Amino acid sequence: MQNTKRIPVLSRCEPAKHEYKKSSYVEIYNVLQSLRKYVSIFPCNAHTFFRKKSRSSYYQAVGLYSALQLLIDFIYSGKISITEKNVKILLPASNLLQLQEVKNACCDFLQAQICPTKVIGIIALADLHSCTKLLRSSELFIQQHFSEVVEGNEFLSLSSEQIVKLISSDELKAPSEEKVCKIFESVIRWVKHDLDSRKQILPQLMEHVRLPLTSKDYISKNVVDEPLLNNCFKCKDYVFEALRFHFIKSEELITIPHNIRTKPRQPGGTHKVILVVCGRGHGSVELDSTEWYDPKINQWQTGPKMITPRYAGGLAVVNDNFVLCLGGRNSESILQSVDGIDLYSDSPHWRPTNDMLIKRHWFAVGVINNYIYVVGGHDGNSYLNKADVFDCRTREWHTISNMSTKRAGHGLGVLNNILYVVGGSNSVHKLNSVECYHPSLDKWTPVADMCVRRSGVGVGVLHDVLYAVGCWDGAQVWSSVEAYRPSTGVWSPIPDMHLSRRSAGVAVLGGLLYVIGGHDGVSFLGSVECYNPNTNTWSMVTASMNVARFGGRAVAIDVPQYFKT
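Residues numbered from 1 in each chain as written. Predicted model: local features only at pLDDT ≥ 70, side-chain atom pairs only at ≥ 80, totals over all residues. Heavy atoms only, no water.

(A) Inspection of the overall build of the protein at higher detail. Each helix and strand in the protein was counted, giving 15 helices and 28 strands. In the protein, the proportion of contacts linking residues at least 24 apart, taken out of those at least 6 apart, comes to 58%. Summing over all exposed atoms, the protein offers an accessible surface of approximately 26,400 Å²; the carbon and sulfur share of this is 51%. (Helix = DSSP H or I, 4+ residues; strand = E, 2+ residues; numbered from the N terminus. Contact = heavy atoms within 4.5 Å. Areas by Shrake-Rupley, 256 points an atom, 1.4 Å probe, with all protein chains shown as cover.)

Okay, here's the thing in structure tokens:
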């Protein structure tokens, strides 16, 4: 869930007073108030009675007595005064007596009191008395003002459950973990405050400290020699993991281990955008440009330039953060090379990685877990039915079973961990045939034919439905679209796009199927449209790409923090 509400930080925490008054039934309250003098909840010698008890019992009883007096006054007058001194008694009393209006007024008072030095105490009250809204806003305040809160002494009183919940949150907003790991420092401070009882929970806490994202220099100066970590085998493992991360990152990004400690926090929730790379532009020029679309602001913005201009290649995302652009062709040759970009890097840029086994263009790519599949295409001499797979963990390519049909210009979608290869063309025909690959069986199986022969088809998967979008059938470019559901085993037409397109980019984001660019039979397109399965309609996106492109590729990604918005 995204948190868009900003909780302001108060410059100082001052005593306050909140007057709550019911606006309805004024005349009735005037009458009730005249009767109030006849009502007493304790005998006149109550204080003398309570003094005979223990000192703590006496003060508790007097506090309860005062709270009940205020609540009785409220019942008769519709008015109550809430202060910093009485709120801790009024809140539990009103909760116990189910006086929801007073409880809400107490929560409003405490909400206004939220500041770095009081928020943890307010959380304790809210949690104890089931004040859900107050609890959530207090937790959100800590997430947004972590650095100020952890400087206070109240932070040291957090329970182990509370601190684990806090530092494990993706929405925690702290100074960049790449430079100064405030979270690490606060964990060490919290543990040392009560070392004997807290040191056993240190490994659980360090599991959520994102040390690999901290600079190597910071780790060397502030982490490696920390005695608490050196005396704990599991904690030392986390330190070694962080150091290995920096070593691997300098060698080969795609092998970086993917876990919670290597993923940057994203306050406000995950924000996804569509990344478009390569293609052919006006004048049939191969492009090295990339751009990305943010549906929140309906804008296209320029991304990092590629190393090699190319079109008709493949695009894949691994571990949510590493994008690979594979093969394709440029004005000089068909390509075997693969370039990658680490979106979590502090300066994302494209760099070479492991080449494919053979040269290909107009092929299709799919990702299942940590395996990248490349299927079919054309090598410059012939159409291919050859398929290979890249194991991201070992950085090795392997050949898998051949498709039953040679094809290029086809599409591919991954549905339920099965590859579906759709349409394309061979040396003779445009194809409407479809086949699927089961990785566990290393076997290709025929699937029902499409209604239309589709070369240059775009494919997307949304809500367990496979969509085949646009195409060229050898005679014309189509705007038609059809959908396949494995449960029925049938292709069914859905409404046409607004424009005819072939070799367009396709991406799924926010429950919508986006179709981007392509060629309409006359010119390259920069326009974008999206399909909403809930309304079964297509809509034109008002923001067009900065560069019209044909044979480009598109994918949805988590927006990198260094992409400028």
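(B) Here's a closer look at a nonpolar patch on the surface. A contiguous nonpolar patch, built from V224, F240 and L243 and spanning about 220 Å² of accessible area, is present on the exposed surface. Assignment of secondary structure puts L243 in helix α15 (residues 233-251). In this structure L243 comes out as partly exposed when scored by relative accessible area, which is 30%. (Patch = residues over 30% accessible without salt bridge, like charges linked within 9 Å, V, L, I, M, F, W, Y side chains within 5 Å. Salt bridge = Lys/Arg side-chain N within 4 Å of Asp/Glu carboxyl O. Buried < 20%, exposed > 50% of the residue type's maximum accessible area, 1.4 Å probe, protein only.)

(C) Inspection of the sheet that holds strand β12 (residues 364-368) at higher detail. Overall, antiparallel pairing links the 4 strands, which are arranged β12-β13-β14-β15 in an open sheet. Since the sheet does not close on itself, it has two edges, and those belong to β12 and β15 (396-400), each with one partner. When the angles between neighbouring strand axes are averaged without regard to direction, this sheet yields 25 degrees. Judged from the 5 bridges that link them, β12 and strand β13 (residues 371-378) form a sheet pairing that is antiparallel. If you follow V367 over to β13, its bridge partner there is I372. (Pairing = 2+ DSSP bridges. Axes fitted to C-alpha atoms, helices over the stretch in contact; angles between N-to-C directions.)

(D) Representation of the pattern of salt bridges. Considering all chains together, one arrives at 19 salt bridges under this definition. Between E286 and R280 there is a salt bridge, with the nearest N and O atoms lying 3.4 Å from each other. Here the salt bridges do not stand alone but share partners, grouping R136, E139, K165 and E171 into one network.

(E) Molecular detail of helix α4 (residues 87-96). Every buried residue belonging to α4 is among V87, L90, L91, A93 and S94, and all of these are buried. After α4 finishes, the residue Q98 shows a positive phi value of roughly 60 degrees.

(F) Looking closely at the side chain of E139. Note on placement: E139 falls in helix α7 (residues 132-144). By relative accessible area, which is 17% here, E139 ends up buried. Within the local environment of E139, its side chain forms a polar contact with the side chain of K165, the two groups lying 2.9 Å apart. If we ignore the near neighbours within four places in the chain, the residues touching E139 are I123 and K165. (Polar contact = N/O pair within 3.5 Å; in protein donor to acceptor, adjacent residues only side chain to side chain.)

(G) Structural detail: the packing of aromatic side chains. Overall, the coordinates contain 12 aromatic pairs when judged by the stated rule. Ring centres of Y293 and W300 lie 5.2 Å apart, and the angle between their planes is 35 degrees; this geometry places the pair in the tilted category. When sorted by exposure, Y293 lands in the same class as W300, which is buried. The side chain of R198 reaches across the aromatic face of W190, ending 4.0 Å from its centre. Against the face of W472 rests R502, its NZ or CZ located 5.1 Å from the ring centre. (Phe/Tyr/Trp six-rings, centres within 6.5 Å; stacked < 30°, edge-to-face > 60°. Lys NZ or Arg CZ within 6 Å of the ring centre and 35° of its normal.)

(H) Representation of the sheet that holds strand β23 (residues 490-494) in the model. Sheet architecture is open: 4 strands sit in the order β20-β21-β22-β23, paired in antiparallel fashion. Strands at the two margins of the open sheet, each flanked by one partner only, are β20 (458-462) and β23. Direction aside, neighbouring strands of the sheet carry axes that sit 25 degrees apart on average. Taken together, the 5 bridges between strand β22 (residues 477-485) and β23 define a ladder with antiparallel strand orientation. Across the sheet, E482 pairs through a bridge with P493, a residue of β23.

(I) Structural context of the pairing of strand β16 (residues 411-415). Within β16, 4 of the 5 residues are buried, which leaves the element mostly enclosed by the surrounding structure. Where β16 and strand β17 (residues 418-422) come together, 5 bridges link them in antiparallel fashion. What sits directly across from G413, in β17, is Y420. Counted between consecutive antiparallel strands, the loop separating β16 from β17 contains 2 residues, among which N416 sits at a positive phi close to 55 degrees.

(J) Representation of the packing of α4 against helix α5 (residues 100-113) in the model. For the pair α4 and α5, the least separation of the axes is 8 Å and the interaxial angle reads 145 degrees. Note on packing geometry: the crossing formed by α4 with α5 is left-handed. Where α4 approaches α5, its residues V87, L90, L91, S94 and N95 are matched on the opposing element by V102, K103, C106, C107, F109 and L110. Here the contact of α4 with α5 is built from residues that sort into 8 nonpolar, 2 polar and 1 charged. (Left-handed = near helix turned anticlockwise from the far one by under 90°. Nonpolar A, V, L, I, M, F, W, Y, C, P; charged D, E, K, R; others polar.)

(K) Structural detail: the environment of E207. Relative to the helices and strands, E207 resides in the loop between α12 (202-206) and α13 (216-223). Along the backbone, E207 and Y238 are 31 residues apart, and their C-alpha atoms lie at a distance of 7.4 Å. Residues within four places of E207 in sequence aside, it is in contact with Y238, I260 and R261.

(L) Quick look at unusual backbone geometry. In the Ramachandran plot, R395 falls in the positive-phi region, its phi being about 60 degrees despite a non-glycine side chain. Secondary-structure assignment places R395 in the loop between β14 (383-391) and β15. For R395, a relative accessible area of 38% corresponds to the partly exposed category. Here N536, not a glycine, exhibits a phi torsion of approximately 55 degrees, which is positive. Among the secondary structure elements, N536 is positioned in the loop between β26 (528-532) and β27 (537-541).

(M) Representation of the side chain of S455 in the model. Locating S455 in the fold gives a position in the loop between β19 (443-447) and β20. Judged by its relative accessible area of 8%, S455 is buried. For S455, the residues in contact, after removing those within four places along its chain, are A408, G409, G424, S425, K430, C471 and W472.

(N) Broad picture of α13. Here α13 has its buried residues at Y218, I219 and V223. Seen along its axis, α13 keeps its buried residues to an arc of 100 degrees; they face one direction. (Arc of directions from axis to C-beta.)

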